[in-house]
Structure formats: C-alpha cells, structure tokens
Amino acid sequence: MRRLLTGIAVAALTVGGLTACSDSESTGSADPAAGGSGKTTAVKVGVIPIVDVAPIYLGKEKGFYEKHGISLSLTPAQGGAAIVPGVVSGDFQFGFSNVTSLLVAQSKKVPLKAVANGVASTGEDGADFGGITVKKDSPLRSAEDLEGKKVAVNTLKNIGDTSVKASVEKAGGDPSQVEFVELPFDQMPAALDAGQVDAAWVVEPGLATIKAKGGRVIASNYVDVAPDLTVAMYFTSTAYAKQSPEVVKAFQDATRESLAYADSHPDEVRRVITTYTKIPEATLKNVTLPKWPAEPNRASIDTLAELGKQDGLFTEVPNLDELLP
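Scope of this entry: the structure provided in the associated data block. It should be emphasised that the depicted structure is a prediction, and the values quoted were computed from it without experimental measurement.

1. Let's talk about the overall build of the chain
Item 1. Within the chain one finds 16 helices and 10 strands.
Item 2. Out of the 325 residues belonging to the chain, those deemed buried represent 55%.
Item 3. Contacts in the chain between residues far apart in sequence, at least 24 positions, make up 79% of those at least 6 positions apart.
Item 4. Accessible surface, the chain as shown: approximately 13100 Å² in total, 49% of it carbon and sulfur.

Here you go:
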C-alpha cells in the first residue's frame, strides 16, 4: 500500500493480461444487458468492507445484477489504492475506489474509466458518515489541534490525508505539521483507545464504533472539502470498457438501480451491512448513512483534483473528461 504509485505502474504494464482473464469469466452471454437469455457473465468487483458499498451488496441480494445478466462476486480489499492495480491487471472487472485514487491513477496514465457513482457525503457538518475522531478524554477539540499529532488514515497520500489537511487548513492550522499513520479502518478504534494515534479519520461503521466508546468527531473532513462531495466511484479498465461495452452498460444499469434502492431503504442498508462487516447490532442503529446519488458531483471532483495537486499527489490536474463517465 505504501508503494501505491509503483504498484499502479506495474499493473499498467500487465494490462495485456486483462483480455484473457475477462474471456474466461464469460459464460457465453452475447448480451448481458438483455437479461432474458438465462445466460450470465461472471464479474468480479473489488470493494472495501465499509458502509459505502452497501448498495452493491444489496443489489446483488435483490437480484438487480442477475436481472441485467451479471453473476456478481465481491472481493474485499483495504482501500481503493489496492483495487486500482487489481482492475488494470484483470483480477477484477470492476472496482470501487475513492476519487483521489482514480485521479492519481489517471495522472500516471493508468488506463481506467469511471463507470458509475459510488457514494457521496451527506454534506452535513457533524453528521456525515466519516470524520476525524478522537477518544473521549482527548484534549483535542478541533482540526487545528492536529498540528504535531499522529492521525490514522487507511491509505497514505490519498483522500484521507488530503481531506484531513483541508480540515486543518480551514480551521487555521498548518497541515504540513500533521503526522499520518496508515491503518486499516477496522483497526482504528483499538489504536485510538490504546493511544497509538492521537486521532483517526474513520468512516462508518468504524465511526459508530468509536462514538459508542465515547469518542468524539472534531471535524467532518468530507464536508470541509466540498458540499455534497462525491467520495468514490465504480470503475473499470479502458481495455475492458472497449472489449465488453455491453457488460459495462449492464453493470452501470444494475448499479444505478442498487444506489436508488439503497437511498430509499435505509433499514435494509443497515441489515445488509452486517453481512460483510463485524459491526455489533447494538452499534448498527447509530451508523450514519451516506448519500447514494445516481450521478457524481463534478464540481466536488474538481476540488479534490486541485487539492491533490496542492498536496503533490500529481503535478498536473488529471483530465476529468477522460476519467468520468
């Protein structure tokens, strides 16, 4: 994970393996989008075991993907930075990744294409599905207090530290003085309790876990970046998009249906979360759900691109017209 750019470059060189892999995944359906032939195309999707991806699990359970001719399998990974190389190399036909990981890949000319919206911030300060947290007795009260402190993020040089820096700067602090520590989301509550880090940027269900122990949110970093921030999207490789446009279209249609269903059925979202995370039922009711709009917020992605350039993740703002659907 700490060698993100190297991993992406290696994956780009192995993109030729994608064709063979995707061919082996097909069961012979000529038109998965038609959904009436009884034949399906096997599709692997790399996901992160967090609340964000509840719609795709719910959509699989409800048969939305099968209806569109897709036999869906979901593989958990630590973060979008690990999923990107997997999609390019053909381990996955599609992946779920935060927007910053996709921007970094695009800046390195990794052949990727976003195909469907993933998840968005609620846009409500103090009531978002992610935030910068501290334990109950912490003296830290705002993002400005993070100067000289250790802050956990799931992936270094990505949307976590970029958005945390935005919160620190907005609060009047110096973001260059924050020390970031890479930890998987599910390890953050324990690390915070043990004092291994001073603060943790965490998303649901980890956020509810920390709150249940008395932890506090000192900043809503997604909200500080942009109103209604598009946080993540589903994507594929450009090679697969050209080779199998009918499968991509079927995946897009099924995912839009899943997003809409999740947005209007919060109780079912909470239930399905228990099938792929270890969150206790007592904590589940306190989980703050994100938004799952059908389309990305282009203006917010522009802001993430500018922040990525400012933080040195890339020297030039990537071509968003090529990246976005």
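2. Brief notes about the nonpolar core
Item 1. Counting residues in each nonpolar core, the largest one holds 102 residues, and the members touching the most others are Val45, Ile56, Leu146 and Phe251.
Item 2. Broken down by element, the residue count for this core peaks at eight residues, all from helix 12 (residues 245-264).
Item 3. Not counting residues up to four positions away in its chain, the partners in contact with Leu146 are Ile132, Leu140, Val151, Val164, Val168, Gln177, Val178, Ala199 and Ile218.

3. Regarding the sheet that holds strand 8 (residues 199-203)
Item 1. With respect to topology, five strands assemble into an open sheet ordered 7-6-8-5-9, the strand pairing being mixed. Pairing within the sheet leaves two strands with one partner each, and these edge strands are strand 7 (179-182) and strand 9 (216-219). This sheet shows a mean twist of 40° between the axes of neighbouring strands, independent of strand direction.
Item 2. Sheet topology places strand 6 (residues 150-153) next to strand 7; four bridges connect them, and they run parallel. Across the sheet, residue Lys150 finds its bridge partner in strand 7, namely Glu179.

4. Details of unusual backbone geometry
Item 1. That bond from Glu204 to Pro205 is cis: its omega, 10°, falls within 30 degrees of zero.
Item 2. One can find Pro205 in the loop between strand 8 and helix 9 (206-212).
Item 3. A positive phi angle, close to 60°, is found at Lys109, a residue other than glycine.
Item 4. With respect to the helices, strands and loops of the structure, Lys109 is situated in the loop between helix 6 (99-107) and strand 4 (112-120).

5. What to know about the packing of aromatic side chains
Item 1. In this structure the tally under the stated criterion is 10 aromatic pairs.
Item 2. A ring pair is formed by Tyr65 and Phe251, whose centres lie 5.8 Å apart and whose planes are at 45°; its orientation type is tilted. Residue Tyr65 is located in helix 4 (residues 64-67), and its partner Phe251 is located in helix 12; the two are separated by 186 residues in the primary sequence.
Item 3. Overall, the relative accessible area of 0% leaves Phe251 in the buried class.
Item 4. Both rings, one in Phe94 and one in Tyr240, keep their centres 5.7 Å apart while their planes meet at 85°; by these two values the pair is edge-to-face.

6. A closer look at the sheet that holds strand 10 (residues 230-237)
Item 1. The mixed open sheet is built from five strands, whose spatial order is 2-1-3-10-4. Single-partner strands in this sheet number two, and they are strand 2 (70-76) and strand 4. For this sheet, the mean inter-axis angle between neighbouring strands, taken without regard to orientation, is 25°.
Item 2. Its contacts with the sheet place helix 6 against strand 3 (94-98), strand 4 and strand 10, and it is angled at close to 105° to strand 3.

7. Things to note about a negative patch on the surface
Item 1. Taken together, the side chains of Glu144, Glu147, Glu169 and Asp174 make up a negatively charged region of the molecular surface.
Item 2. With respect to the helices, strands and loops of the structure, Glu169 is situated in helix 7 (residues 159-170).

8. Looking at the packing of helix 3 (residues 54-62) against helix 13 (residues 266-273)
Item 1. Look at helix 3 against helix 13: their axes get within 9 Å of each other, and the N-to-C directions meet at 95°. The angle between the axes of helix 3 and helix 13 places the two elements in the roughly perpendicular class. In contact with Ala54, Tyr57, Leu58, Glu61 and Lys62 of helix 3, helix 13 contributes Glu268, Val269, Arg271, Val272 and Ile273.
Item 2. By residue class, the composition of the contact of helix 3 with helix 13 is six nonpolar, no polar and four charged.

9. Description of helix 15 (residues 298-310)
Item 1. Spanning 13 residues, helix 15 covers 19 Å between terminal C-alpha atoms, matching the ideal 18 Å at 1.5 Å per step.
Item 2. Residues Ser300, Ile301, Leu304, Ala305, Leu307 and Gly308 constitute the buried set of helix 15. The arc that holds every buried residue of helix 15, seen down its axis, measures 165°, which confines them to one face. Residues of helix 15 that are exposed and point over 90 degrees away from its buried face: Ala299 and Gln310.
Item 3. Those residues of helix 15 hidden inside the fold are in contact with helix 6, helix 7, helix 10 (221-225), strand 10 and helix 16 (320-323).
Item 4. For helix 15, the side-chain oxygen to backbone nitrogen distance between the N-cap and Ala299 is 3.2 Å, and the N-cap itself is Asn297.
Item 5. Just downstream of helix 15 lies Gly312, where phi reads positive at about 80°.

Conventions and cut-offs
- Residues numbered from 1 in each chain as written.
- Predicted model: local features only at pLDDT ≥ 70, side-chain atom pairs only at ≥ 80, totals over all residues.
- Heavy atoms only, no water.
- Helix = DSSP H or I, 4+ residues; strand = E, 2+ residues; numbered from the N terminus.
- Buried < 20%, exposed > 50% of the residue type's maximum accessible area, 1.4 Å probe, protein only.
- Contact = heavy atoms within 4.5 Å.
- Areas by Shrake-Rupley, 256 points an atom, 1.4 Å probe, with all protein chains shown as cover.
- Core = buried A, V, L, I, M, F, W, Y, C linked by side-chain atoms within 4.5 Å.
- Pairing = 2+ DSSP bridges.
- Axes fitted to C-alpha atoms, helices over the stretch in contact; angles between N-to-C directions.
- Phe/Tyr/Trp six-rings, centres within 6.5 Å; stacked < 30°, edge-to-face > 60°.
- Patch = residues over 30% accessible without salt bridge, like charges linked within 9 Å, V, L, I, M, F, W, Y side chains within 5 Å.
- Salt bridge = Lys/Arg side-chain N within 4 Å of Asp/Glu carboxyl O.
- Lys, Arg positive; Asp, Glu negative; His and termini not counted.
- Charge placed at Lys NZ, Arg CZ, Asp CG, Glu CD.
- Parallel < 35°, antiparallel > 145°, perpendicular 65-115°, else oblique.
- Nonpolar A, V, L, I, M, F, W, Y, C, P; charged D, E, K, R; others polar.
- Expected span 1.5 Å × (residues − 1).
- Arc of directions from axis to C-beta.
- Polar contact = N/O pair within 3.5 Å; in protein donor to acceptor, adjacent residues only side chain to side chain.

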